[in-house]
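# Notes for the structure review
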Amino acid sequence: MKNFLLSTDTIDMDGIKCFLTAIVDITERRRSEDKLRVLSDELTQSNKELEEFAYAASHDLQEPLRSVTSYLQLLERRYTSSLNEEALEFIHRAVNGATRMHTLINDLLAYSRIGTRPVALEQVDCVEILETTLDNLYRSIKENKAQVKVESEMPVIQADRLQLTSLFQNLISNAIKFRTEKIPEIKIMAHPNKTHWHFSVSDNGIGIAKKDSQNIFNVFQRLHSRAEYPGTGIGLAICKKIVEHHGGKIWLDSEEGNGTTFHFTILK
Ligand SMILES: Nc1ncnc2c1ncn2[C@@H]1O[C@H](COP(=O)(O)OP(=O)(O)OP(=O)(O)O)[C@@H](O)[C@H]1O
Ligand SMILES: [Mg+2]
């Protein structure tokens, strides 16, 4: 079936008002819009299924892994005197591997949980959120002598309290972790625009090369070895998901060696 649109316009020709009416065939446009809608619904559904799969898989993987880890630890404890050094070293490596896998699975669970649970929107005061965040990071702030300054008024916004805390916590802990020999200086700001609140977290740390400014938001994507900086590479993937769940975007400005500013927006 064909779709038509009746479009009417008035034009002035030497003082004489003329009405122009056109019948436009919009069948193709409608068809493309319908196709896009179907594709977008399919994508949403398959993302949801993928998230549920990741959650179930990581949850079910925990149990067998726990058993592997505990038997390895039992071997290590009971047979220390009867095994030679090489065998003990192998067991030690296996325990390390299993512990690391446990961390990865936990991180994956935390990531997929954001997608499988509904966002609990409420009025939250960002001052309180930041207080909780800084409390949670107390040890790291103290050990690094980090200076965290809130440089603008913090708003009350519609958000999920736990997710917003996790967002600030990931960004501020990164700002402390990826430091140079300078004392870490972290500045937090918030400004309103028409539709969103625009937040920023900036640091004076090691910075990020332009070519990496997108891929670091992917799961388990890191730019350094664990020996240089600890972590699994899940923090920014979690931040991206949280921000998108709040109708916003996340991006960064940086210069290698010269600090980084992470920006994110939250729908008003
Ligand atoms: N403020 C920052 N300054 C410089 N590099 C950063 C900063 N934040 C993130 N990065 C880079 O982006 C990578 C990904 O960050 P992300 O927070 O996802 O992982 P992580 O901190 O390494 O591990 P995790 O957050 O799981 O403990 C980091 O490994 C680091 O290379
Ligand atoms: Mg991190």
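Residues numbered from 1 in each chain as written. Chains lettered and ligands numbered in written order. Predicted model: local features only at pLDDT ≥ 70, side-chain atom pairs only at ≥ 80, totals over all residues. Heavy atoms only, no water.

### Points about helix H3 (residues 126-136)
Those residues of H3 lying buried are Cys-126, Ile-129, Leu-130 and Thr-133. The buried side chains of H3 occupy one side of the element, clustering within an arc of 95° when seen end-on. Of the surrounding elements, those touching the buried residues of H3 are strand E3 (121-125), strand E4 (147-150), strand E5 (156-160), helix H5 (161-177), strand E6 (185-192) and strand E7 (196-202). Its side-chain oxygen placed 3.0 Å from the backbone nitrogen of Val-127, Asp-125 serves as the N-cap of H3. (Buried < 20%, exposed > 50% of the residue type's maximum accessible area, 1.4 Å probe, protein only. Helix = DSSP H or I, 4+ residues; strand = E, 2+ residues; numbered from the N terminus. Arc of directions from axis to C-beta. Contact = heavy atoms within 4.5 Å. Polar contact = N/O pair within 3.5 Å; in protein donor to acceptor, adjacent residues only side chain to side chain.)

### Some details on the nonpolar core
Soluble, globular proteins show a tendency: their nonpolar side chains are buried together. With 38 residues, the main nonpolar core has Ile-157, Leu-164, Phe-168, Phe-199 and Phe-264 as its most contacted residues. Top element by residues in this core is H5. It accounts for 7 residues. Discounting chain neighbours no more than four positions away, the residues touching Phe-264 are Leu-167, Phe-168, Leu-171, Trp-197, His-198, Phe-199, Val-243, Lys-249, Ile-250 and Trp-251. (Core = buried A, V, L, I, M, F, W, Y, C linked by side-chain atoms within 4.5 Å.)

### Quick word on the environment of Thr-8
By secondary structure assignment, the location of Thr-8 is in strand E1 (residues 4-13). Among all residues touching Thr-8, those that are not within four sequence positions of it are Leu-20 and Thr-21.

### Quick notes on the domain arrangement of the chain
You'll often see interface size given as the accessible area lost when the parts meet. On domain assignment, one finds that the chain holds domain 1 (30-116) and domain 2 (121-267). On the domain 2 side, the residues contacting the 11 residues of domain 1 number 11 residues. Buried area between domain 1 and domain 2, both sides added, is near 1000 Å², and the carbon and sulfur share of it is 71%. Broken down residue by residue, the surface that domain 1 buries against domain 2 is led by Arg-100, Tyr-111 and Ile-114, which jointly contribute 59%. Taken together, the connections running from domain 1 to domain 2 amount to 0 salt bridges. (Domains from an automatic or database assignment. Buried area = accessible area lost by both parts, 1.4 Å probe. Salt bridge = Lys/Arg side-chain N within 4 Å of Asp/Glu carboxyl O.)

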